[in-house]
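What the coordinates show
As a plain string of letters, each chain reads:
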Amino acid sequence: MKKEIIRNRYVLLKEIGSGGFATIFLSWDYSLERKVAIKKIHKHFASDSRILEIFRMEALNVAKLQHENILQIYDFIRTVDNVCYIVMEYVDGTDLSKILKIAKEKNIKTISFPSISTGAYRFPVELASKIALKECTNFIKKYNFFEKIVFVCFDDYTFKSYINAYETILSK
């Protein structure tokens, strides 16, 4: 990947995620000497003023929020050719889908996760358990691979969160 430099301040280092509207890059902020995540809108949206405004409003609205479970927005950039970027806090970690793919590649048929990590930001365990179980369910449906996936719970609250998430997934 050719290193893209934005405003002589940020450099895009590597892609870490992608979705329907944008790609997220691990980046470096030369000015404040720190890692940041930069969400770059896909080029084909540069001519769609409605999408560009939605992207800008996302940055504006999230930047107004101050909560330990919400990433901080540091900057919003719109270039002359309508490429938009949202510069935000970077949190290091490995996502669940990557762990599942590695297990499949190594032919590991049973996988166990310790009590779900909700990180330094104390992401709500109810939501984290729903996301984790949904990701595992989607992976199993797609690859029909695992014999067992075990989530280890160290307290009743976490256990109940998993049971509720599991029952919600089964009812759909």
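Check the entry above for the structure.
Residues numbered from 1 in each chain as written. Predicted model: local features only at pLDDT ≥ 70, side-chain atom pairs only at ≥ 80, totals over all residues. Heavy atoms only, no water.

Description of the pattern of salt bridges
Under the definition given, this model contains 5 salt bridges. Residues joined in a network through salt bridges with shared partners are Arg 9, Asp 29 and Arg 34. (Salt bridge = Lys/Arg side-chain N within 4 Å of Asp/Glu carboxyl O.)

Re helix α1 (residues 49-63)
Taking 1.5 Å of rise per residue, the 15 residues of α1 would be expected to cover 21 Å, and the 21 Å separating its terminal C-alpha atoms lies within 8% of that figure. Every buried residue of α1 is accounted for by Ile 51, Leu 52, Phe 55 and Ala 59. On an axial view of α1, the arc spanned by its buried residues comes to 105 degrees, and they lie on one face. Across α1 from its buried face, at more than 90 degrees, point the exposed residues Ser 49 and Arg 50. Tucked into the core, α1 has its buried residues touching β3 (22-29), β4 (34-41), β5 (73-78) and β6 (84-89). For α1, the capping residue at the N-terminal end is Asp 48, with a side-chain oxygen 3.1 Å from the backbone nitrogen of Arg 50. (Helix = DSSP H or I, 4+ residues; strand = E, 2+ residues; numbered from the N terminus. Expected span 1.5 Å × (residues − 1). Buried < 20%, exposed > 50% of the residue type's maximum accessible area, 1.4 Å probe, protein only. Arc of directions from axis to C-beta. Contact = heavy atoms within 4.5 Å. Polar contact = N/O pair within 3.5 Å; in protein donor to acceptor, adjacent residues only side chain to side chain.)

Comments concerning the pairing of β4
Burial analysis of β4 places 6 of its 8 residues in the buried class, the great majority of the element. Both β3 and β4 contribute to a ladder of 8 bridges, which runs antiparallel. Bridge pairing in β4 links Ile 24 to Lys 39. In sequence, β3 turns back onto β4 through a hairpin of 4 residues, with Glu 33 there showing a positive phi of about 50 degrees. Examined bridge by bridge, β4 and β6 share 5 bridges and lie antiparallel to one another. Bridge pairing in β6 places Lys 40 opposite Tyr 85. (Pairing = 2+ DSSP bridges.)

Re the packing of aromatic side chains
Scanning all chains against the criterion turns up 2 aromatic pairs. For the ring pair Phe 21 and Phe 45, a centre distance of 5.2 Å and an interplane angle of 35 degrees mean the geometry is tilted. Taken together, the residues span a long stretch of sequence, with Phe 21 in the loop between β2 (10-18) and β3 and Phe 45 in the loop between β4 and α1 at a distance of 24 residues. On the basis of an interplanar angle of 55 degrees and a centroid distance of 6.4 Å, the ring pair of Phe 55 and Phe 76 is categorised as tilted. Of the two residues, Phe 55 sits in helix α1 while Phe 76 sits in strand β5, which places them 21 residues apart along the sequence. Residue Phe 55 is classed as buried on the basis of its relative accessible area of 4%. Seen from the ring of Tyr 74, Arg 34 lies directly overhead, with NZ or CZ sitting 3.8 Å from the centre. (Phe/Tyr/Trp six-rings, centres within 6.5 Å; stacked < 30°, edge-to-face > 60°. Lys NZ or Arg CZ within 6 Å of the ring centre and 35° of its normal.)

A few points about unusual backbone geometry
One non-glycine residue, Asn 8, lies in positive phi territory at about 50 degrees. Here Asn 8 shows up in the loop between β1 (4-6) and β2. You can call Asn 8 exposed: its relative accessible area is 74%. Even without being glycine, Glu 33 reaches a positive phi, approximately 50 degrees.

Interpretation in functional terms is not warranted from these geometric data alone.
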